[in-house]
Amino acid sequence: MLSAPLSGKSSPKTSPKSVPDLHRSAFVMDGHTHVMSRELVLKTDIGQRYADGTVDLPRAKEGGLDAMFFSVYTPENYYPGRFETKNTFRVVNLALDQIKKNNAVIELALTASDIERINKKGKMAAFLDLEGGYDLYGDLDLLRALYKLGLRSMQLTAHSTTNAFIDACNDVYTWGGINEHGKAVIREMNNLGMVINVAHASNDAILQSVAASRHPVIYSHGGFYKIVDHPRCISDEAAKAIAAKGGVIGVHFGSLFNNPKYWAWQRANNPVKVQPNPQPKTPRILSAQVTTQTIEDVDKEFARELPFTYNGTIPDEYWMHVDQLAKVIDYGVNLVGEDHIALGSDLDGGPELPREIKDISDYPQITMAMQRLGYSDQRIKKILGLNWLRVIRQVTEGK
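Predicted model only: the values in this text are computed from it and were never measured.

**Student:** How should the overall build of the protein chain be read in this particular structure?
**Tutor:** The secondary structure content of the protein chain amounts to 15 helices and nine strands. Over its C-alpha trace the protein chain gives a radius of gyration of 20 Å, about what one expects of a compact globule, namely 21 Å for 399 residues. The principal-axis extent of the C-alpha atoms belonging to the protein chain is close to 60 × 45 × 40 Å. Looking at the 399 residues of the protein chain, the share that counts as buried comes to 61%. Of the contacts made within the protein chain by residues no fewer than 6 positions apart, 75% connect residues no fewer than 24 positions apart. Seen as two clouds, the 45 positive and the 46 negative side-chain charges of the protein chain have centres 4 Å apart.

**Student:** Looking at this model, I keep getting lost on helix H8 (residues 203-212). Mind explaining?
**Tutor:** The periodicity of an α-helix, 3.6 residues per turn, causes residues three or four places apart in sequence to face the same way. Within H8 the residues assigned to the buried category are Ala205, Ile206, Ser209 and Val210. Projected onto a plane normal to the axis of H8, the buried residues spread over an arc of 130° and lie on a single side. Along its buried surface, H8 packs onto helix H7 (180-192), strand S7 (217-222) and helix H9 (236-244).

**Student:** Looking at this structure, I do not really get helix H15 (residues 377-397). What am I missing?
**Tutor:** At Ile383, H15 is deflected by roughly 60°, the largest bend along its length. Two residues or fewer past H15, Gly398 is found with a positive phi of approximately 65°.

**Student:** Mind showing me how you'd approach the nonpolar core here?
**Tutor:** General note: in soluble globular proteins, nonpolar side chains tend to be found buried as a group. Of all hydrophobic cores here, the largest spans 90 residues; its most connected members are Phe70, Met154, Leu156 and Ile329. Looking at this core element by element, the count peaks at eight residues for helix H13 (residues 322-336). Judged by nonpolar contacts, the second largest core, of 19 residues, contains Ala67, Val195, Val248 and Val391.

**Student:** Any chance you could explain unusual backbone geometry here in plain terms?
**Tutor:** Look at the link from Leu306 to Pro307: it is a cis peptide, with omega at -10°. Position of Pro307 among the secondary structure elements: in the loop between helix H12 (295-303) and H13. The phi dihedral of His200 falls on the positive side, at around 75°, and the residue is not glycine. Tracing the backbone shows His200 in the loop between strand S6 (195-197) and H8. Residue Asp348 is not a glycine yet carries a positive backbone phi of 65°. Examined against the element boundaries, Asp348 turns out to sit in the loop between strand S9 (341-343) and helix H14 (364-372). Exposure remark for Asp348: the relative accessible area of 8% places this residue in the buried category.

**Student:** Just checking my understanding: could you explain the pattern of salt bridges for this structure?
**Tutor:** A side chain with one charge can pair with a side chain of the opposite charge if their charged atoms come near. Counted under the stated rule, the structure contains 27 salt bridges. Residue Asp299 is joined to Arg90 by a salt bridge in which the shortest nitrogen-to-oxygen separation is 2.5 Å. With Asp299 in helix H12 and Arg90 in helix H4 (residues 84-101), the pair connects residues that are 209 residues apart, well separated along the chain. Residues joined in a network through salt bridges with shared partners are Glu107, Asp114, Arg117, Lys121 and Lys123.

What counts and how
Residues numbered from 1 in each chain as written. Predicted model: local features only at pLDDT ≥ 70, side-chain atom pairs only at ≥ 80, totals over all residues. Heavy atoms only, no water. Helix = DSSP H or I, 4+ residues; strand = E, 2+ residues; numbered from the N terminus. Rg over C-alpha atoms; globule rule 2.2 N^0.38 Å. Buried < 20%, exposed > 50% of the residue type's maximum accessible area, 1.4 Å probe, protein only. Contact = heavy atoms within 4.5 Å. Lys, Arg positive; Asp, Glu negative; His and termini not counted. Charge placed at Lys NZ, Arg CZ, Asp CG, Glu CD. Arc of directions from axis to C-beta. Bend = angle between axes of the 7 residues up to and from the residue. Core = buried A, V, L, I, M, F, W, Y, C linked by side-chain atoms within 4.5 Å. Salt bridge = Lys/Arg side-chain N within 4 Å of Asp/Glu carboxyl O.

So this is what it looks like as structure tokens:
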């Protein structure tokens, strides 16, 4: 545990030349950082500096982060045995415990006003976001219970898996987008004041979710399909729909979604699935249940995947630089406007990071890349975090 609050926007190890004054003064929020998977199965502490991975609290402070979507994760490993609900509740509880343990550095935020109050103390704010299936059937009572625990944002799909109410972008399509229960989940999230996250959803599912929601929705992390035609990237149509409703698109930091040269090189290993026609009537994940494993068995398998960092070798000609990432940001700004683009790094979620970014402490590199584009200070501040803050305020406070 860190013994005392870290003051300022950079540590003594960070040269003033490497952190622009703009970055120091700006509100900086990441829309998608993976936390708690390592802590859950490896029994580590996010308050300690890790020798590997890309996210911990000391390095986040060095990178100038003021707030993070604390993305607690229930991956596909837990679905076949139907352990998704148990895992979700224990990982949310763990996140709360870790935040409390590191209270000198970070606090839980339920609203935008909370984030601002926490920042005034010189601390980071954690805004809980669930990635993965909290319950593959979308039980509304479980959703309400998670809200009472402090969850304020949730991805509708079960990560990359189609569940009982919404199609994932790279799984078998079942519902043609969302079904009536999907609309009920969205309605309940609207009533509670929870941020609806449509990352990993199919194009039709995104469009229908935006239409069904009374509030703005977010796409927390991804690229643009016109730049890289990977199924996880958002279409111009869907991005415009999100923006028209007041929502925000978070730009992912990985080469796979942002670098056409890298995607062309990797495409043979990432075949685009052709969806079957006619569509199955039951989501694939619900057609059978594995009963031969305990959740402890799944934990042991999952532990072998951690940390989620890219360990391959990328030839120089395919390795993305941060300026390419800035060009993707610029594409989004030109497409939907500067009020609707933000950052959703997916750090510790496995992205092939730009050459200039080794971990979250290198966040100022993004600011410098946007400055090289000639962006105004106000535009950069919106993209660094003010756009996330606005959406959170609209959804959680009705303002």
